[in-house]
Amino acid sequence: MSSVASVAATAAGVALIALAGRDVFDALFHPEGRSTLARTMMRGVWGVLGRRGRERRTFVLAGPLGLVLVFASWAGLLVAGWTLIFLPHVPEGFHRATGGAADSDLIEALNVSLVTLTTLGFGDVTPDDPWLRVIVPIEALVGFGLLSASISWLLLIHPALARRRSLAYEISLLRKAEEEAGTALAELDAAPLEQIYAELISRLVAVERDLVNFPVTYYFAEADERFSLAVVMPYLQQLAEHGRDPSVPARTRLRAAVLRDVIDDFAVTIATRFHGGPSEATADILRAYARDHG
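Residues numbered from 1 in each chain as written. Predicted model: local features only at pLDDT ≥ 70, side-chain atom pairs only at ≥ 80, totals over all residues. Heavy atoms only, no water.

**Q** Any chance you could break down the overall build of the protein chain for me, citing the residues and the numbers?
**A** Helix and strand counts for the protein chain come out as nine helices and two strands. Reading the protein chain from its N terminus to its C terminus gives the helix and strand order α-α-α-β-α-β-α-α-α-α-α. On C-alpha atoms alone, the protein chain measures out to a radius of gyration of 26 Å, which is more than a quarter above the 19 Å that the 2.2 N^0.38 rule sets for 294 residues. Overall, the C-alpha framework of the protein chain stretches about 85 × 35 × 35 Å when taken along its three principal axes. Counting across all 294 residues of the protein chain, residues that qualify as buried make up 43%. Look at the contacts in the protein chain between residues 6 or more apart in sequence, and 73% of them connect residues 24 or more apart. Carbon together with sulfur atoms contributes 62% to the accessible area of the protein chain, which is approximately 14,600 Å² in total. The protein chain carries 27 positive and 33 negative side-chain charges, and their two centres are separated by 5 Å. (Helix = DSSP H or I, 4+ residues; strand = E, 2+ residues; numbered from the N terminus. Rg over C-alpha atoms; globule rule 2.2 N^0.38 Å. Buried < 20%, exposed > 50% of the residue type's maximum accessible area, 1.4 Å probe, protein only. Contact = heavy atoms within 4.5 Å. Areas by Shrake-Rupley, 256 points an atom, 1.4 Å probe, with all protein chains shown as cover. Lys, Arg positive; Asp, Glu negative; His and termini not counted. Charge placed at Lys NZ, Arg CZ, Asp CG, Glu CD.)

See the structure below:
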């Protein structure tokens, strides 16, 4: 391979590794989860399964499948990047432990990259050049870091999904209790009503922050409507509006006003990050949110 081609391959490899590293860093450590590749892939899978497959309920698979593809894309970028770095130095910089016939340069470079990134140790192809013997363990460290990052992201995402499902279920139970008792929640005594509003405020704030920090959680839909926040948000808005009634005590009206503001902020987050912009009223955004989740 010519020197120009070697430099170009190495530069391209470094760029791919940097792209994967930046996306992993943004997904895990950026305060607003600005992982461009991850969000683009999740949105693409949602577009295929979420919006076209609702009749078959395949949209429920959009989140898990998208997450798997994100992990695969990170690994693929790293494998391709290191392959391009090794390619100019195959076969001169490596030797075969078995002494057998060498494969093509690309296959040999890909083999070294795959075996090293997966931290399986050296295969039958090992580096000879001193600098390659230093670089190859660095790739192994990167591969271990990718595995750790993927597990860490999963451990962060699933509690966020659990908080959202828990809040949705609680709101669903409130709505069911109202219907069965034939008594509006706003007709309760001031103290328990105020406590309910306070609990809903804190829970919804946490869920809204989860959406900001982990945007990919938006693309996890629910097959059971009891656990779908998109389904119950219009009811929650009605609950906040009922708390504005003049007959409600002042402290409770204050709690209801805070809940209404939190719902507005939640709607703005949904519209800005996933629907193209907050150009509609809160009720319209919540209806669009419900439609988007089936």
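Once you've had a look at it, read on.
**Q** Break down the pattern of salt bridges for me, citing the residues and quoting the values.
**A** Side-chain pairs of opposite charge can arise where the charged atoms are in close proximity. If you walk through the whole model with that rule in mind, you get eleven salt bridges. Residue R163 pairs with D210 through a salt bridge whose shortest N-O separation is 2.8 Å. With a gap of 47 residues between them, R163 in helix α5 (residues 130-181) and D210 in helix α6 (residues 190-213) connect regions that are remote in the sequence. In this structure D210 comes out as buried when scored by relative accessible area, which is 8%. When the shortest N-O distance is used, the salt bridge between E199 and R203 registers 3.4 Å. A residue pair is termed a helical-turn pair when its members lie 3 or 4 positions apart in one helix, as E199 and R203 do in helix α6 at four residues. When salt bridges that share partners are traced, they join R164, R165 and E222 into one network. (Salt bridge = Lys/Arg side-chain N within 4 Å of Asp/Glu carboxyl O.)

**Q** Explain the packing of aromatic side chains residue by residue, including any values.
**A** Considering all chains together, one arrives at twelve aromatic pairs under this definition. An angle of 50° between the planes, with centres 5.8 Å apart, marks the rings of F71 and W74 as tilted. One end of the pair is F71 and the other is W74, both in helix α3 (residues 62-86) and three residues apart, which spans about a single turn. There is no split in this pair, since F71 and W74 are both buried. Among the aromatic residues, those joined into a cluster by ring pairs are W46, Y218, Y219, F266, F274 and Y289. (Phe/Tyr/Trp six-rings, centres within 6.5 Å; stacked < 30°, edge-to-face > 60°.)

**Q** Give a description of the packing of helix α8 (residues 250-274) against helix α9 (residues 282-292) that names residues and reports values.
**A** The relative placement of two packed helices comes down to the angle between their axes together with the axis-to-axis distance. Closest axis-to-axis distance for the α8/α9 pair is 9 Å, and the angle between their directions is 55°. Overall, the two elements α8 and α9 adopt an arrangement that is oblique. As for the relative orientation of α8 and α9, their crossing is left-handed in sense. Only T282, I285, L286 and Y289 of α9 make contact with α8, whose side of the interface consists of I263, D264, F266, A267, I270 and A271. The residue makeup of the contact of α8 with α9, split by class, is eight nonpolar, one polar and one charged. (Axes fitted to C-alpha atoms, helices over the stretch in contact; angles between N-to-C directions. Parallel < 35°, antiparallel > 145°, perpendicular 65-115°, else oblique. Left-handed = near helix turned anticlockwise from the far one by under 90°. Nonpolar A, V, L, I, M, F, W, Y, C, P; charged D, E, K, R; others polar.)

**Q** Give a detailed account of the nonpolar core, specifying residues and quantitative values.
**A** Looking at soluble globular proteins, one finds that nonpolar side chains tend to be buried together. Ranked by internal contacts, the top residues of the largest apolar core, which has 76 residues, are F86, W153, L200, L229, M233, L236 and F266. Per-element accounting of this core gives the leading share, twelve residues, to α5. With near-sequence residues (within four places) excluded, L229 lies in contact with R164, L167, A168, I171, V207, F266 and Y289. (Core = buried A, V, L, I, M, F, W, Y, C linked by side-chain atoms within 4.5 Å.)

**Q** Could you give an account of the environment of D129, with specific residues and numbers?
**A** With respect to the helices, strands and loops of the structure, D129 is situated in the loop between β2 (125-127) and α5. The class for D129 is partly exposed, based on a relative accessible area of 27%. It is 9.1 Å that separates the C-alpha atoms of D129 and H89, two residues lying 40 residues apart in sequence.

**Q** Can you explain a nonpolar patch on the surface? Please cite residues and give values.
**A** Taken together, F144, L147, I151 and L155 make up a surface patch of nonpolar side chains, about 420 Å² in accessible area. With respect to the secondary-structure elements, L147 resides in helix α5. (Patch = residues over 30% accessible without salt bridge, like charges linked within 9 Å, V, L, I, M, F, W, Y side chains within 5 Å.)

**Q** A description of the packing of α6 against α8 should follow, citing residues and the corresponding values.
**A** Relative orientation of the contacting elements α6 and α8 amounts to 20°, with a least axis distance of 9 Å. Between α6 and α8, the interaxial angle falls into the category roughly parallel. Read as a crossing pair, α6 and α8 show a hand that is left-handed. Of the residues that constitute the contact of α6 with α8, the class distribution is 19 nonpolar, two polar and six charged.

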